[in-house]
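Chains, contacts and geometry: an overview
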Amino acid sequence: MTVSPFRYPSTPHQRRHGPIGYSAYQQFRPWLRDEFCFRCVYCLRREVWAFQDSDFELDHDVAKSLAPDLCREYTNLVYACHNCNKRKSNKRLPSPSEVGYGACMEVSISGSNAGEIQGLNDDGLRLIDELSLDGPKITAARKTYIGITRSLEQHDQPLYMVWMGFPDELPDLCNVSPQPKSNSLPQGIEQSWLARKLRDELPAIYE
Ligand SMILES: [Zn+2]
């Protein structure tokens, strides 16, 4: 199957980490970066394509205004780009933990409609509409990124690995500061991307 930079996961996201007890929700950032593979859960834009760390934010699945008690609950947080977080605002959308986004929406990666996104069911249509994932600018950008990906894959393998690979700096979840008060899924750290890298198990690229 052709590698796509815009293929959504086919199954609902299952949490690997379970940090508990931070006083501010921003402190979950390294866990969420690792959890969601260093990209926006909604549009799949990657950290390695961004200029600034601040392009990525922590989004509350159920908004703070709707559920203040879930504000510092890890399972209510996802990793999202600034643009998607802003567009989502306090809307309640199908959660990536409840539905596989790949079953909801699909981005064409070839032909004249490369970059276009299609809803595959009502959840997908809603996500696309509310997050404006089918706007002309994002559609054109996806087409360009797909073209870059194809070109690098064929002509520049080292840069292709950078473009579709992991960031150089991976969070060390054993030594994040501050440490969470507890962790309901401590075994997840062994499956963190840094732990895999140290075991020489990190894939060169990922979808
Ligand atoms: Zn996004």
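Above this text is the structure in question.
None of the values given here were measured: they were computed from a predicted structure.

Moving on, we come to the overall build of the chain. Scanning the chain from N- to C-terminus turns up 6 helices and 6 strands. Its C-alpha radius of gyration of 17 Å places the chain within 12% of the 17 Å reference for a compact globule of 207 residues. For the chain, the proportion of contacts with a sequence separation of at least 24, taken over those separated by at least 6, is 67%.

Turning next to unusual backbone geometry. At the junction of serine 177 and proline 178, the peptide bond is cis and its omega measures out at 0 degrees in the coordinates. Along the chain, the position of proline 178 falls in the loop between helix H5 (157–164) and strand S6 (182–183). A positive phi angle is found at cysteine 37, which is not glycine, with a value near 55 degrees. A positive phi is found at phenylalanine 38, a non-glycine position, where the angle reads about 60 degrees. Its location among the elements puts phenylalanine 38 in the loop between helix H1 (29–35) and strand S2 (56–60). You can call phenylalanine 38 buried: it has 22 C-beta atoms within 10 Å.

What follows covers helix H4 (residues 136–155). Taking 1.5 Å per residue as the helical rise, H4 with its 20 residues ought to reach 28 Å, and the 28 Å between its terminal C-alpha atoms agrees with that figure. Along H4, the positions that sit buried rather than exposed are Arg142, Tyr145, Ile146 and Thr149. Buried positions in H4, seen along its axis, are confined to an arc of 105 degrees and lie on one side of it. Residues of H4 that are exposed and point over 90 degrees away from its buried face: Pro136, Lys137, Ala140, Thr144, Gln154 and His155. Packing partners of the buried residues in H4 comprise strand S4 (105–107) and H5.

Bringing the environment of serine 151 into the picture now. Looking at where serine 151 falls in the secondary structure, it is placed in helix H4. Taking the C-alpha atoms as reference points, serine 151 and valine 41, 110 residues apart in sequence, are found 25 Å from one another.

This part covers the pairing of strand S3 (residues 77–81). The buried fraction of S3 is high, at 5 of 5 residues. With burial as the criterion, each face of S3 is covered, one bearing Leu77, Tyr79 and Cys81 and the other bearing Val78 and Ala80. With 5 bridges joining them, S2 and S3 adopt antiparallel strand pairing. Bridge assignment links leucine 58 to a residue of S3, and that residue is tyrosine 79.

Attention now moves to the nonpolar core. In terms of nonpolar packing, the biggest core is built from 30 residues, with Cys40, Tyr42, Cys43, Tyr79, Ala80 and Cys84 touching the most fellow members. Broken down by secondary-structure element, the contributors of at least two residues to this core are H1, S3, S4, helix H3 (122–131) and H4. Setting aside chain neighbours within four positions, we find alanine 80 in contact with Cys40, Val41, Tyr42, Glu57, Asp59 and Asn85.

Where H4 contacts H5, the axes come no closer than 7 Å and their chain directions differ by 140 degrees. As judged from the angle between their axes, H4 and H5 are oblique. Every pair of crossing elements has a handedness; the one defined by H4 and H5 is left-handed. Contact residues: Ile148, Thr149, Leu152 and Glu153 in H4; Leu159, Tyr160, Trp163 and Met164 in H5. Of the residues in the contact of H4 with H5, the class split is 6 nonpolar, 1 polar and 1 charged.

Conventions and cut-offs
Residues numbered from 1 in each chain as written. Predicted model: local features only at pLDDT ≥ 70, side-chain atom pairs only at ≥ 80, totals over all residues. Helix = DSSP H or I, 4+ residues; strand = E, 2+ residues; numbered from the N terminus. Rg over C-alpha atoms; globule rule 2.2 N^0.38 Å. Contact = placed C-beta atoms within 7 Å. Buried ≥ 20, exposed ≤ 12 C-beta atoms within 10 Å, placed from the backbone. Expected span 1.5 Å × (residues − 1). Arc of directions from axis to C-beta. Pairing = 2+ DSSP bridges. Core = buried A, V, L, I, M, F, W, Y, C linked by C-beta atoms within 7 Å. Axes fitted to C-alpha atoms, helices over the stretch in contact; angles between N-to-C directions. Parallel < 35°, antiparallel > 145°, perpendicular 65-115°, else oblique. Left-handed = near helix turned anticlockwise from the far one by under 90°. Nonpolar A, V, L, I, M, F, W, Y, C, P; charged D, E, K, R; others polar.

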